[in-house]
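Architecture at a glance
Single-letter residue listing:
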Number of protein chains: 2
Amino acid sequence: MTHVDPQTIEPFGIQFDLIDGVMCKPEKHIIRNAAEMVGYYADDAALRRLIASHGNPIHYETFESPVPEQRGHVRFCISKLHPGLVGEECFMTKGHYHKLPDTAEIYLCLRGRGLMMMKLADGNCQWQEFLPGRLVYVPPYWAHRSVNTGDEPLISLCIYPGDAGHDYGNIQSDGFPKRVFRRNGHVLVE
Amino acid sequence: MTHVDPQTIEPFGIQFDLIDGVMCKPEKHIIRNAAEMVGYYADDAALRRLIASHGNPIHYETFESPVPEQRGHVRFCISKLHPGLVGEECFMTKGHYHKLPDTAEIYLCLRGRGLMMMKLADGNCQWQEFLPGRLVYVPPYWAHRSVNTGDEPLISLCIYPGDAGHDYGNIQSDGFPKRVFRRNGHVLVE
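This section reports on the structure supplied with the text. (Residues numbered from 1 in each chain as written. Chains lettered and ligands numbered in written order. Predicted model: local features only at pLDDT ≥ 70, side-chain atom pairs only at ≥ 80, totals over all residues. Heavy atoms only, no water.)

With respect to the nonpolar core
- If you look at the biggest cluster of nonpolar residues, it comprises 40 residues, and the most contacted ones within it are Phe16(A), Phe76(A), Phe16(B) and Phe76(B).
- Ignoring sequence-local partners within four residues, the contact set of Phe16(A) consists of Val22(A), Met23(A), Phe76(A), Ile78(A), Leu157(A), Leu108(B), Gly133(B) and Leu135(B).
- Core analysis: the second largest hydrophobic core is formed by 37 residues, Leu47(A), Leu50(A), Cys158(A) and Phe176(A) among them. (Core = buried A, V, L, I, M, F, W, Y, C linked by side-chain atoms within 4.5 Å. Buried < 20%, exposed > 50% of the residue type's maximum accessible area, 1.4 Å probe, protein only. Contact = heavy atoms within 4.5 Å.)

Section: the sheet that holds strand β11 (residues 134-138) of chain A
- Read across the open sheet, the eight strands follow the order β3(A)-β4(A)-β5(A)-β13(A)-β8(A)-β11(A)-β1(B)-β2(B); overall the sheet is antiparallel. Each having just a single partner strand, β3 (28-33) of chain A together with β2 (22-23) of chain B make up the two edges of the open sheet.
- In this structure, strand β8 (residues 105-111) of chain A lies alongside strand β13 (residues 154-161) of chain A, joined through five bridges in antiparallel fashion. Note on β13(A): the bridge partner recorded for Tyr107(A) is Cys158(A). (Pairing = 2+ DSSP bridges. Helix = DSSP H or I, 4+ residues; strand = E, 2+ residues; numbered from the N terminus.)

Examining the interface of chain A and chain B
- Listed as interface residues are 44 residues of chain A and, on the opposing side, 44 residues of chain B.
- Carbon and sulfur atoms supply 61% of the area buried between chain A and chain B, which totals about 4000 Å² over both sides.
- Our count for the chain A to chain B interface comes out at two salt bridges.
- We note a salt bridge from Asp102(B) to Arg71(A), for which the minimum N-O separation is 3.0 Å.
- Elements represented by at least two residues in the side of chain A that touches chain B include exactly β1 (12-17), β5 (74-81), β8, β10 (125-130), β11 and β13 of chain A.
- Here the side of chain A that touches chain B is built from residues that sort into 30 nonpolar, nine polar and five charged. (Buried area = accessible area lost by both parts, 1.4 Å probe. Salt bridge = Lys/Arg side-chain N within 4 Å of Asp/Glu carboxyl O. Nonpolar A, V, L, I, M, F, W, Y, C, P; charged D, E, K, R; others polar.)

What follows is the structure in structure tokens.
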């Protein structure tokens, strides 16, 4: 491993509304529309109907910070996952490993209800509950995906090593071992 | 640099009260009493009077997380700095560099009012305001110290690379280039 000194930046402050889950003046705003989720849900036809009937709505968004993507830095963003169902399956993010697989990530839930689904490459699958004020620790090596089980946006502050990077690995083809459904008001992991 | 795989731990969740700034069930609770601050304030006699008259009260506390102190992990803790004055100087933490000096730290202020004082080894000194919801980014190489300028505890969620470590360096002998005072209700950095 070659050591590269982290880029020098000045100290800064950035304001959040911790109740509403808003980062004021984000550097970058990334939008994932429903059409980008084709292939991820069990009921693909239901997703296509949703896209057709709602004009390819926003599925989830991230609000990014001005921190270099480099070792030594600590990056942060807001993840906002909209509520809804694809058939009976709860809206979710694609999920990702880290490009440096041995790096962890912290999710501090600010608003909404949901689950963090996590899996290891060997198939081990675990999940943790999201509710406001709950911090979920995703250890090194665990792929992770947020799932919104509620009726309002699921908003988390995500914090990770600057050089962690994203790796979608086998997620689009293999998914996670468990899916999350809502039937008759009950949340089911199956 | 030798690469060591980070210790394997299971995913977990931990609850915070983001309004009161409380970590539920911390792994470890560390207390710094006023007597440990001898030598840090401009008016040492005032500190000794405070210790004598108040029975060496708690000055600041940290509530620690069960995350390994290793590269790849992301550690977090709550820092709680009590309000008060030593003479006219606002209560503050000792301050520290990181043992790995090229690692950053994030402070998310949950409660109270204050300043994050920061310095580089070359004497450059900057500060950022703390108020609820404000995230202060301490870049790599900057020593940092919290200062409570208000009347209630200053509470922050601190997040940093697992292997960052603490280094008090020259802080006890040299302090920071600026001190923070409260005179007639005004906060002064001088």
